[in-house]
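Spelled out, the chains give:
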Amino acid sequence: MYTAIGYAAQTATTPLAPMKFERRSPRADDVAIDILYCGVCHSDIHQARNEWGIAVYPLMPGHEIVGKVTAVGANVTKHKVGDLVGVGCMVDSCRTCEACQSNLEQYCLEGPTMTYATPDRVDGSNTMGGYSDSIVVSEHFVVRIPEKLDLAAAAPILCAGITTYSPLKHYGVKAGDKVGILGMGGLGHMGIKFAKAMGAEVTLFTRSASKAEEGRRQGADHVIVSTDEEQMKAAAGRFDFLLDTIPVQHDLNPYLDTLRFDGVHILVGLIEPIDPPVHAAKLVLGRRVLAGSLIGGVAETQEVLDFCAEHNISCDIEMLDIRQINEAYARMIAGDVKYRFVIDMATLKL
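Identification of the protein chain as Hydroxyacid dehydrogenase from Pseudomonas kribbensis is taken from an unreviewed UniProt entry. Note on the protein chain: under the UniProt heading Sequence similarities (unreviewed entry), the record states "Belongs to the zinc-containing alcohol dehydrogenase family." Its UniProt record gives the protein chain the following Cofactor (unreviewed entry) comment, quoted word for word: "Zn(2+)".

A. Looking closely at the UniProt feature "domain: Enoyl reductase (ER)" (unreviewed entry) in the protein chain. The UniProt entry lists residues 9-343 under the feature "domain: Enoyl reductase (ER)" (unreviewed entry), expressed in the numbering used here. For residues 9-343, helix accounts for 24% and strand for 25%, while the C-alpha atoms at its two ends are 16 Å apart.

B. Region of interest: the domain arrangement of the protein chain. Per the domain assignment, the segments of the protein chain are domain 1 (2-159 + 316-347) and domain 2 (161-292). With eight residues of domain 1 in contact, the opposing surface of domain 2 contributes 13 residues. Of all residues in domain 1, Cys159, Asp316 and Tyr339 give up the largest surface area on contact with domain 2, accounting jointly for 61% of the area buried on that side. Run the count over domain 1 and domain 2 and you get two salt bridges. One salt bridge in this structure joins Asp316 and Lys193, with 2.8 Å as the shortest N-O distance. Broken down by class, the residue content of the side of domain 1 that touches domain 2 amounts to six nonpolar, no polar and two charged.

C. Main features of the pairing of strand β12 (residues 222-225). Note: strand β11 (residues 201-206) against β12, four bridges, orientation parallel. Within β12, the position partnered with Thr206 by the bridge is Val225. Where the polypeptide runs from β11 across helix α6 (residues 212-218) and back to β12, its parallel neighbour, the crossover connection is right-handed.

D. Examining a nonpolar patch on the surface more closely. Judged by side-chain polarity, Trp52, Ile54 and Ile271 come together as a nonpolar surface patch covering roughly 330 Å² of accessible area. Within the secondary structure, Ile271 is located in the loop between β14 (259-267) and α9 (281-284).

E. Just the packing of aromatic side chains, in detail. By the definition in use, this model includes five aromatic pairs. Among the aromatic side chains, those forming a connected cluster through ring pairs are Tyr165, Phe194 and Phe307. The ring of Phe261 is capped by Arg260, whose NZ or CZ atom sits 4.4 Å from the centre of that ring.

F. Highlighting helix α5 (residues 186-197). Under the 1.5 Å per step criterion, the end-to-end length of α5 is 17 Å for 12 residues, consistent within 8% with the ideal 16 Å. Across the 12 residues of α5, 10 count as buried, placing the element largely inside the fold. Within two residues after α5, Gly199 carries a phi angle of roughly 95°, on the positive side.

G. Broad picture of the pattern of salt bridges. Counted by the stated rule, this structure contains 23 salt bridges. Between Lys282 and Asp257 there is a salt bridge, and its shortest N-O distance comes to 3.0 Å. Taken together, the residues Lys282 in helix α9 and Asp257 in the loop between α8 (253-256) and β14 connect sequence positions 25 residues apart. Note on Asp257: relative accessible area 33%, which makes it partly exposed. Between Asp321 and Arg323 there is a salt bridge, and its shortest N-O distance comes to 2.6 Å. Linked by salt bridges that have partners in common, Arg24, Arg27, Asp30, Asp120 and Asp123 make up one network.

H. A look at the side chain of Ser226. By secondary structure assignment, the location of Ser226 is in the loop between β12 and α7 (229-234). Judged by relative accessible area, Ser226 falls into the buried class, the value being 15%. What Ser226 contacts, discounting residues up to four positions off in sequence, is Thr206, Arg207, Met232 and Tyr255.

I. Molecular detail of the nonpolar core. Residues Val40, Tyr131, Phe194, Ile325 and Tyr329 are the most contacted members of the largest nonpolar core, which totals 93 residues. Looking at this core, the element that brings in the most residues is helix α10 (residues 298-311), giving six residues. Shared between two domains, this core takes at least three residues from each, and those domains are domain 1 (2-159 + 316-347) and domain 2 (161-292). For Val40, the contacting residues outside a window of four places in its chain are Glu64, Tyr131, Leu320, Ile325, Tyr329, Met332, Arg340, Phe341 and Ile343. Phe205, Ile224, Tyr255 and Leu259 belong to the second largest nonpolar core, which has 11 residues in total.

J. Structural view of the environment of Thr258. Structurally, Thr258 is set in the loop between α8 and β14. For Thr258 and Ala234, which are 24 residues apart along the polypeptide, the C-alpha to C-alpha distance reads 8.5 Å. Beyond its immediate sequence surroundings of up to four residues, Thr258 is in contact with Phe205, Met232, Ala235, Ala236, Gly237, Arg238, Phe239 and Leu242.

What counts as what
Residues numbered from 1 in each chain as written. Predicted model: local features only at pLDDT ≥ 70, side-chain atom pairs only at ≥ 80, totals over all residues. Heavy atoms only, no water. UniProt positions renumbered as here; feature names shortened; annotations may be inferred. Helix = DSSP H or I, 4+ residues; strand = E, 2+ residues; numbered from the N terminus. Domains from an automatic or database assignment. Contact = heavy atoms within 4.5 Å. Buried area = accessible area lost by both parts, 1.4 Å probe. Salt bridge = Lys/Arg side-chain N within 4 Å of Asp/Glu carboxyl O. Nonpolar A, V, L, I, M, F, W, Y, C, P; charged D, E, K, R; others polar. Pairing = 2+ DSSP bridges. Right-handed = clockwise from strand over helix to strand, strands pointing away. Patch = residues over 30% accessible without salt bridge, like charges linked within 9 Å, V, L, I, M, F, W, Y side chains within 5 Å. Areas by Shrake-Rupley, 256 points an atom, 1.4 Å probe, with all protein chains shown as cover. Phe/Tyr/Trp six-rings, centres within 6.5 Å; stacked < 30°, edge-to-face > 60°. Lys NZ or Arg CZ within 6 Å of the ring centre and 35° of its normal. Expected span 1.5 Å × (residues − 1). Buried < 20%, exposed > 50% of the residue type's maximum accessible area, 1.4 Å probe, protein only. Core = buried A, V, L, I, M, F, W, Y, C linked by side-chain atoms within 4.5 Å.

Structure follows, in structure tokens:
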């Protein structure tokens, strides 16, 4: 064991604050990492405030981690001291179920061990995330950061990036497909970039006409203001895929009308009950698919990092002093960030 430092929430109602805590020494298959940067995800806020009802305190968020390897266990073969590496949303899984054997650890039938607020599979301790100076993770869940990528901007690829890349890849988006991206936040702007790099014709759906210019700057070919009934009516039956990044309850029915037959509407932002209900006729009469997708497996996370390096894709970020993390949470809730905060861990001091 060794003493680490970081920022954590002690209860659902207290702000994040500095604390010392114990990290384990590396096991035989572990990699020890000095954290350089950590992205800030909206799910960090949900967890810190126990909005999903599953928080365990003290809770130290952070699952978009980029750092440098400082030590490796005796059985480690993929990484060495000095390597630049990343850790995403998971740090372990059962590794033996059908999902894990298919490189889909995020769907582990026993449930994956998340990077924070989950019991460690070996010693039962509460996992602590990347708002800290260091972390120790099994090498299987550590990915390589390509040299071409900016380290800070690479951090959100480990969550926002893989969350949008994985479903586009899984459902076979290809050149010439018409893809709609719903929402223009941290997930949405990455979805635009990925769909465009895959050769699709990309349309941003947004409630705000003011985001049209920004959508085109990110690479969207077209913008539809979803509150404009005439624009939505004109889009009927037009799209092959919709990537829905909207994180709050919203009416799916008008969007389903914009799909062609055999079109696919993929949810990646919403993990609440769908309200208002989906009218089944909109699926049945067009053989349309309403689907969901959760991050990606470790192999696919490495794949998206390599894809980003090949296509010069990165996340738009604002660098953050960790001492301003609570102010950053308030700004995120207000939608005042384009599009992802990334903590510079050089600012972490007790």
